[in-house]
Amino acid sequence: MDQSDLESRIRRVEALCATVQSDPSSETRQLAQEIGELAAQVDGTFRDLVALDRLATTVGRGVLLEDVLNDIYDGFRDVLPYDRIGFALIVGDSVTARWARSDNRDVGLLVGYSVPLDTTSLGEILISRNPRIINDLDAYLVHNPTSESTRLLLDEGVRSSLTCPLVIDDAPVGFLFFSSNDAGAYSDIHIRTFVRIADQLAGAIEKGRLTSELADRADSIESQNRELLRLNEVKNTFIGMASHDLRSPLATIQMTADLLEAADHLAPDERRMFIRDIKQQAGYMLSLVNELLDVAQIESGKLDLDLESIELDALISAAVTRHGYLAAAKEIEVEHSGASGTQVEADRTRLRQVIDNLLSNAVKYSPFGSRVSVAVRIEDGRVQVTVDDEGPGVPEKDRARLFEYFETAHAQPTGGESSTGLGLAIARRIIDAHSGSIGVTDAPSTGSRFWFELPLASPTG
């Protein structure tokens, strides 16, 4: 019997009742009344079934899990009372909240909440395969004081719940939790309502879950492919850089060594000049190789930090002394104002690498006879180190780019120094690994201010 036939029969019964009501016999009128009430009940039940079937069809059209669950939330209000719906997935021996939507402002039981099944009463529901009603969550918590999920729902404002198991091919996959802010909101009729379309809902939810997982995997694979392409570009740039930047100093070293070997009568000053040139070129190559190795280590995710409590001001003071000797050749003064006793949790070697890079860059791009200022400041539980120079500055549009691989400033070093374009990129990744931040702004007077911030070490650290 299809929908139109059943509706037609209901209408005929109603018409017959109306006719019989005109019969003066009280027994006939009573029978007609009872038949009418039965017809109305059948009519209401039929309409509920039609609505549920339509709703199940709508829900089944959802593609992704969130779409399916949102369709349930938007469409079930005519057949079930709720202010909140949650979905939990059974994973191994645990049950984990995967989705929730609530009319309440503060959601207490969040996605990701997970508990072992054997520590909850949900296992009993899986055994019976029947929905469970709790119409007084306050009383339930009194008798089950270790139920953290109940406490979280009460904090949210929920007072009653209908827990419905989802079963696919006789295997439980999860639960739907209908929750109401009113105590006593659920009855057996609501259980029967859910059971009528439980299989359809479970199938739609499982289909949505599997589709979502496939979509997530596809996104993950696409993201990995993009990362592989990026790493391949970095690798190609490394190879090009190594072949280009190492060829020239190697040729210089070879040529200078040939001159030293062939010229037996060079003056001592000339020999020292040639040897100094070899050392300078070898130093540049060593620095380049070290930076390339650092980048390879960072990109492989193997930048391991050996953390210890470090007095930052002392570390900076030593670096200022080292770079002061080098800056003297350009008549640049390097000054330092610190905060004595400042402690940070850091890798000493890596942090020194960052400080050396910022100081060497400041000296490299500063004009002869200028000043480089290093300062340490403490504010809001963090320490900031600033390096100010009196160079040409960095345009705002170029500042973020400076901290990427192989990017250099448009300005040229004032003493003919070389640059690989790797130092600042490495410094940024080292500071990121220390949960810090790094950047560049205009110096207060002229030039640039390069800075980095780190959390202060805890008093017990």
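Please refer to the structure higher up on the page.
Residues numbered from 1 in each chain as written. Predicted model: local features only at pLDDT ≥ 70, side-chain atom pairs only at ≥ 80, totals over all residues. Heavy atoms only, no water.

Engineer: Now, about the pairing of strand E1 (residues 84-91): what can you tell me, with residues and values included?
Structural biologist: Most of E1 is tucked away: seven of the eight residues are buried. In terms of strand pairing, E1 meets strand E2 (residues 94-102) through eight bridges, oriented antiparallel. Opposite Ile90, over in E2, you have Val95 as the bridge partner. Counting the residues between successive antiparallel strands, the hairpin from E1 to E2 contains two residues, one of them, Gly92, with a positive phi of roughly 65°. As paired strands, E1 and strand E6 (residues 171-180) are joined by six bridges and run antiparallel to one another. From the neighbouring strand, Ala88 faces E6, where its bridge partner is Phe175. (Buried < 20%, exposed > 50% of the residue type's maximum accessible area, 1.4 Å probe, protein only. Helix = DSSP H or I, 4+ residues; strand = E, 2+ residues; numbered from the N terminus. Pairing = 2+ DSSP bridges.)

Engineer: Kindly report on the pairing of strand E10 (residues 371-379), identifying the contributing residues and their values.
Structural biologist: Note: strand E8 (residues 333-337) against E10, five bridges, orientation parallel. Looking across to E10, one finds that Glu335 is bridged to Ser373. Two successive antiparallel strands, E10 and strand E11 (residues 382-388), enclose a turn made up of two residues, where Asp380 displays a positive phi of approximately 55°.

Engineer: Give me the lowdown on the packing of helix H11 (residues 348-365) against helix H12 (residues 423-433), citing residues and values where you can.
Structural biologist: Where H11 meets H12, the axes come as close as 9 Å, and the angle between the chain directions of the two elements is 145°. Crossing handedness for the pair H11 and H12: left-handed. Here Arg350, Gln353, Val354, Asn357, Leu358 and Asn361 of H11 come into contact with H12, specifically with Gly423, Leu424, Ile426, Ala427, Ile430 and Ile431. For the contact of H11 with H12, the residue count by class is seven nonpolar, four polar and one charged. (Axes fitted to C-alpha atoms, helices over the stretch in contact; angles between N-to-C directions. Left-handed = near helix turned anticlockwise from the far one by under 90°. Contact = heavy atoms within 4.5 Å. Nonpolar A, V, L, I, M, F, W, Y, C, P; charged D, E, K, R; others polar.)

Engineer: An account of the pattern of salt bridges is needed here, citing residue identities and associated values.
Structural biologist: Under the definition given, this model contains 19 salt bridges. Linking Asp398 and Lys397 is a salt bridge whose minimum nitrogen-to-oxygen distance equals 3.5 Å. Judged by its relative accessible area of 68%, Lys397 is exposed. For Asp398, the salt bridge goes to Arg401, with nearest N and O atoms at 3.4 Å. Since its relative accessible area comes to 7%, Asp398 is described here as buried. Within this structure, Glu404, Arg428, Arg429 and Asp432 form a network of salt bridges that share partners. (Salt bridge = Lys/Arg side-chain N within 4 Å of Asp/Glu carboxyl O.)

Engineer: Please give an account of the sheet that holds E2 that cites residues and values.
Structural biologist: Reading across the sheet, the six strands line up as E3-E2-E1-E6-E5-E4 and stay open at both edges, with antiparallel pairing between neighbours. What marks the edges here is a single partner per strand, and that holds for strand E3 (114-116) and strand E4 (132-134). With direction set aside, neighbouring strand axes in the sheet form an average angle of 20°. Strand direction decides the pairing type here: strand E5 (residues 160-168) and E6, joined by nine bridges, are antiparallel.

Engineer: Hey, could you go over the side chain of Asp356 for me, with residue numbers and the actual values?
Structural biologist: Mapped onto the elements of the fold, Asp356 is located in helix H11. In terms of polar contacts, Asp356 uses its side chain to reach the side chain of Arg322, at 2.7 Å. Apart from residues lying up to four places away in sequence, Asp356 is in contact with Ala319, Arg322 and His323. (Polar contact = N/O pair within 3.5 Å; in protein donor to acceptor, adjacent residues only side chain to side chain.)

Engineer: Describe the nonpolar core, listing the residues and the values that go with them.
Structural biologist: Counting residues in each nonpolar core, the largest one holds 49 residues, and the members touching the most others are Leu312, Leu351, Ile355, Leu359 and Phe452. Looking at which element gives the most residues to this core, the answer is H11, with seven residues. With residues near it in sequence (within four places) discarded, Ile355 still touches Leu312, Leu315, Ile316, Ala319 and Phe452. Counting 27 residues, the second largest nonpolar core, distinct from the first, contains Val79, Ala185, Leu201 and Ile205. (Core = buried A, V, L, I, M, F, W, Y, C linked by side-chain atoms within 4.5 Å.)

Engineer: Tell me what's going on with the layout of surface pockets, and back it up with residues and numbers.
Structural biologist: Over the atoms rolls a probe the size of a water molecule, and its path tells where empty space is left. A volume near 620 Å³ is recorded for the second largest pocket. In terms of lining residues, the second largest pocket is bounded by 33 residues, among which Thr120, Leu122, Ser147, Ser149 and Thr150 are the most central. Looking at the lining of the second largest pocket, the elements that each hand over two or more residues are E1, E2, E4, helix H5 (137-143), helix H6 (148-156), E5 and E6. No other element matches the five residues that E2 contributes to the lining of the second largest pocket. Of the residues assigned to the lining of the second largest pocket, the class counts are 17 nonpolar, 13 polar and three charged. (1 Å grid on protein atoms, 1.4 Å probe; cavity = no way out; pocket = protein on both sides within 12 Å on 5 of 7 lines; lining within 4 Å. Points joined across faces, edges and corners; volume = space filled by probe spheres on them.)

Engineer: If you had to explain H11 to someone new, which residues and values would you point to?
Structural biologist: Over its 18 residues, H11 runs 26 Å from end to end, which matches the ideal 26 Å to within 8%, given 1.5 Å per residue. A large share of H11 lies buried, amounting to 13 of its 18 residues. (Expected span 1.5 Å × (residues − 1).)

Engineer: Summarise the environment of Asn361; cite the residues concerned and give the values.
Structural biologist: Structurally, Asn361 is set in helix H11. In this structure the C-alpha to C-alpha distance between Asn361 and Leu424, which are 63 residues apart in sequence, comes to 9.1 Å.

Engineer: Can you tell me about unusual backbone geometry, naming the residues and giving the values?
Structural biologist: Phi angles above zero are rare outside glycine, and Arg129 is one such case at about 65°. Assignment of secondary structure puts Arg129 in the loop between helix H4 (122-128) and E4. Owing to a relative accessible area of 32%, Arg129 belongs among the partly exposed residues under this scheme. With a phi angle near 55°, Asp380 is a residue other than glycine that sits in the positive phi range. Owing to a relative accessible area of 72%, Asp380 belongs among the exposed residues under this scheme.

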